[in-house]
Amino acid sequence: PKKARPRRTEESRKRFRRRLALAGLALAALVAALAAGFYLGGYTPAREKFSHALSEISGDFSLPKRAARYWQGLHAQPRRLVLDIAQKDWQRLAFEREKALEKGLIITGEDSWVPATVQADGKSHKVKVRLKGDVADHLEGNKWSLRIQTKGDGRVWGMKRFSIQDPQRSGYIKEWVFHHLLAWEGLIGLRYEFIRVTINGRDMGVYALEEAFAKEAIEHNERREGPILKFDESRLFDESKDEAATTASQRDIFLTADITCFQTDQVYANPDLKREFLAGRNLLAGFRAGELTCSQVFDVPRAARAFAVMGILNGYHAFRWKNIRFYYNPVTARLEIIPYNAYGPYRGMPVLVPPYSLLYFKWLFGPAEDEVWVKDWMDLFFRDPVFTDAFFAEMEKITAEGHLEAFFRDKGAEFEAMRSVLYMDDTGPLEDEVIFLHNRNVARDILRPETRIKAFLAQAGGGPGGGMGMDLLVANTAFLPMTIVALETSSGQAYTRLAPARLEGRPVSGAMALQTVHVEDFDKTANPGLLAATERASQQVVLSDLFLTYRIRGTQNILRARIDPNPITSDQPMPISKEDATTRINAVIRAGMLAVDTDTGEMTIRKGKWRLPWTLLLPAGGLVRVEAGAVLDLTQGASLISLSPVRFTGTPEAPIRVMSSDGQGRGLAVISAKGQSEMTHVIVSGLDAPAKGDWKLTGAVTFHESDVVIRSCAFGENRSEDGVNIIRSHYEIRDCSFASTFSDALDTDFSSGVITDTTFAQCGNDCADLSGGSHEISRLTVDQAGDKGISAGEGTRIVANTLSISGAKVGVASK
């Protein structure tokens, strides 16, 4: 018989009701989590409406957001790092930590390192570890900031030196966006990610991993190895060293700080790196002293782009003189900025506030916020008009609609993955790409000032020869620097011969400053609209049919200002003259070697034999053509350097020759040219690499960031380290020959291209040394190589067929 069912007690009923209530809460949490997951999925108009609707209902959206990110954290798959430190060594680190917490500062030296072992991706590495940071808040709590360096040739995820620290130390996801946007923009960005860390068997949770300044960081960004420089800020921490606090201000420390480099012992042990460091130090010291301009010291387009990135991300902390780092590029002989440490637990709030409170160029026009922000350092960049133009051009580009969105589309999966890792510890603010797009919009609005240019007619009268001139008094009422474009009539007639064309920004809280702008004499017959407008000036309050057009310096958007015909006097001087062409270019033009088309900027080296006893530098912005039959005889250490694309167009009957009759010629280099270069039927022989002072290339022929097609050319008897060196460029080499080269015949760095129907003979070292990029090789012949026939460096992909290699120590090497 069935067992009688017991009657429910009051307690069992209560228990049932509690379970039912918990089930209801769980279902509500699930719905909220799904809704929040939709909310976190990326910025769209639909999501914005959905978010607004839910906030109207709930009033507080943080709970579903937190539920969604908890769910994301459960499914995160971070890379894991296991650190094992002997007990006595861990106690030593703990003792150093206690001392640092007591002093408030972290002081480290060579004796601060302890041995340890790191495991990553199933591989074990012997390392050394020390505390990392300047201020003791790096050591608060359980997640101490640590610097790790592998021993020997060991690498952890491609890095020999790196740091791990609490993600809070650098603003959680913001620092990740900062470094990845730098790299996405073609700048130097450090490898930065969030990982799971275990120390001595204890799961410590999520850490931020940040690459240190070393050779691996430079090469990961596809640059040739070069020193990394910095200002030595150690005097800021004198109190902890000698118990006597320094009385010097930050400005004094900056102005007298030594300029040092990372990995000093290795740099000084390498003659090339030492020479490059000293050259970079001279550049940076000259810049700080005001003896060299920004454009003489830095790679200006990249420096301007770095400032633009720091601006729209509000990463102003990365720009402090004590934080910023500099890579000396041995090819361009210029410094490239490496920004880092943009955020922190107590600074770097990511939201920009109009109109310009946190953008760098404000320091041009008003005092810095406090003593920490050394105005001398801030001003050095923006006092150079070349840099200022480049900066605003980059700001216009990076704030354009769709530009930042493209970054988040490209990096969206990685961005979400890194946020999910942070959510494993339920750490970090609920930030997504919307806040960065907000900053972009604020920065873009800054480039659209409400108050701009005021213009007044000072004088209009007859000029010599029946012409007519005009003087305007012009004031820039915005803090942004402006460039005058033209004087225009309402009918569209434009006159561009105005001087000066540059107007500096108005200082914050400064009075409106007027300066005279002279409109050169214009022909009355050819400019009837301009004549009529000026003749009616005295009868009008505002010249309704005459405008001054202008733009923010470096940008393309044209603005218009009406002209008040009633003059206002001003004592501002206006002497600004145009720069003359260089003496050497004028000399070769007079000699008949070089012809210049002033309309197109095209330069032509004519047929004939031309002897150059000094280096000739051809400017950017044009095209350099060399006629068939031309012979360039480079003597007395001369080089031919072009910042524009070149077209060497020889023929089988009349090839172009580049040689050196005295054996001292220094070769050909095309650097950062905008456009493809070509060399056809060219014979290059007996040359060394271009060099001057501390600047030295490695190739007798060099193409740096300049795409090139080389056909039916011969390279021989060159005395340089490389016969041809191609860097960060796309190339084609067809039907060419390389013979009797001192070292490597062809050396490519971070380039991609095609080599076909080409022969190499009597190469002193490698015939084809290819480092980085993708290469297709076919029908290649090697006859006698001092080392390798073909050498494939790290990160190189080669597809080759039909190879004939003889007389080489190694036929093909893959590193």
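Residues numbered from 1 in each chain as written. Predicted model: local features only at pLDDT ≥ 70, side-chain atom pairs only at ≥ 80, totals over all residues. Heavy atoms only, no water.

Considerations on the confidence of the model for the protein
Residues with a pLDDT of 70 or more make up 78% of the protein, whose mean pLDDT is 81. Low pLDDT, under 50, characterises residues 363-370; the stretch is placed with 24 contacts to residues that sit more than four places away or in other chains. Here residues 538-542 is modelled with pLDDT under 50, and outside its nearest four sequence neighbours on either side it reaches ten contacts, counting other chains as well. (pLDDT = per-residue confidence, 0-100. Contact = heavy atoms within 4.5 Å.)

Some details on the sheet that holds strand S8 (residues 228-231)
Ordered by their spatial adjacency, four strands build an open sheet running S9-S8-S10-S11, and the pairing between neighbours is antiparallel. Of all strands in the sheet, those with a lone pairing partner are strand S9 (259-261) and strand S11 (334-338), marking the two edges. Pairwise comparison of adjacent strand axes, ignoring direction, gives a mean angle of 35° for this sheet. Relative to S9, S8 runs antiparallel, the two being bridged by three bridges. Bridging across to S9, Leu229 finds its partner in Cys261. (Pairing = 2+ DSSP bridges. Helix = DSSP H or I, 4+ residues; strand = E, 2+ residues; numbered from the N terminus. Axes fitted to C-alpha atoms, helices over the stretch in contact; angles between N-to-C directions.)

Some details on the sheet that holds strand S5 (residues 161-165)
Strand order in the closed barrel made by the seven strands is S1-S2-S3-S4-S5-S7-S6, with mixed pairing throughout. For this sheet the average axis-to-axis angle between neighbouring strands, irrespective of direction, equals 40°. In the packing of helix H4 (residues 87-103) onto the sheet, contacts are made with strand S2 (114-120), strand S3 (123-131) and strand S6 (192-199), and the angle to S3 comes to roughly 30°. Relative to S6, helix H5 (residues 173-184) is tilted by about 130°, and along the sheet it contacts S6 and strand S7 (202-211).

Focus: the nonpolar core
Judged by nonpolar contacts, the single largest core of 110 residues is most densely connected at Phe194, Phe298, Trp377, Phe381, Phe387 and Leu472. In contact with Phe194, not counting residues within four places along its chain, are Pro78, Pro167, Tyr172, Ile173, Trp176, Val206, Tyr207, Ala208, Met418, Val421 and Leu422. (Core = buried A, V, L, I, M, F, W, Y, C linked by side-chain atoms within 4.5 Å. Buried < 20%, exposed > 50% of the residue type's maximum accessible area, 1.4 Å probe, protein only.)

With respect to the pattern of salt bridges
Applying the stated criterion to the full structure yields 33 salt bridges. The partner of Asp299 in a salt bridge is Arg302, with the nearest N and O atoms 2.8 Å apart. With a shortest N-O distance of 2.9 Å, Glu401 and Arg444 are connected by a salt bridge. You can see Glu401 sitting in the loop between helix H14 (385-398) and helix H15 (403-423) and its partner Arg444 sitting in helix H16 (residues 433-446), a full 43 residues away along the chain. Classification of Arg444 as buried rests on a relative accessible area of 15%. Residues joined by salt bridges that share partners form a network here, namely Glu222, Arg223, Asp299, Arg302, Glu336, Glu705 and Arg728. (Salt bridge = Lys/Arg side-chain N within 4 Å of Asp/Glu carboxyl O.)

Topic: H5
For an α-helix the count is 3.6 residues per turn, leaving residues at separations of three or four pointing the same way. Compared with the 16 Å implied by 1.5 Å per residue over twelve residues, the 16 Å span of H5 between its first and last C-alpha is a close match. With respect to burial, H5 is a largely interior element, ten of its twelve residues being buried. Buried within H5 we find Ile173, Lys174, Glu175, Trp176, Val177, Phe178, His179, His180, Leu181 and Leu182. Of the residues trailing H5, Gly186 is marked for its positive phi of about 80°. (Expected span 1.5 Å × (residues − 1).)

Things to note about the pairing of strand S44 (residues 773-792)
Note: strand S42 (residues 752-763) against S44, nine bridges, orientation parallel. Across the sheet, the residue bridging to Phe760 is Val782, located in S44. Bridging between strand S43 (residues 768-771) and S44 involves three bridges; their strand directions are parallel. Paired with Ala768 across the strands is Ile790, a residue of S44. The pairing of S44 with strand S45 (residues 796-814) spans 15 bridges and is classified as parallel.

Quick notes on the side chain of Glu185
Note on placement: Glu185 falls in the loop between H5 and S6. Of note is the side chain of Glu185, whose polar atom sits 2.6 Å from the side chain of His403. When near neighbours in sequence (up to four residues on either side) are disregarded, Glu185 contacts Arg305, Val309, Lys397, Ile398 and His403. (Polar contact = N/O pair within 3.5 Å; in protein donor to acceptor, adjacent residues only side chain to side chain.)

A look at a nonpolar patch on the surface
A cluster of nonpolar residues, Tyr70, Trp71 and Leu74, forms a patch on the protein surface that exposes about 390 Å² of accessible area. Note that Trp71 resides in helix H3 (residues 62-74). Residue classification places Trp71 among the exposed positions, given a relative accessible area of 54%. (Patch = residues over 30% accessible without salt bridge, like charges linked within 9 Å, V, L, I, M, F, W, Y side chains within 5 Å. Areas by Shrake-Rupley, 256 points an atom, 1.4 Å probe, with all protein chains shown as cover.)

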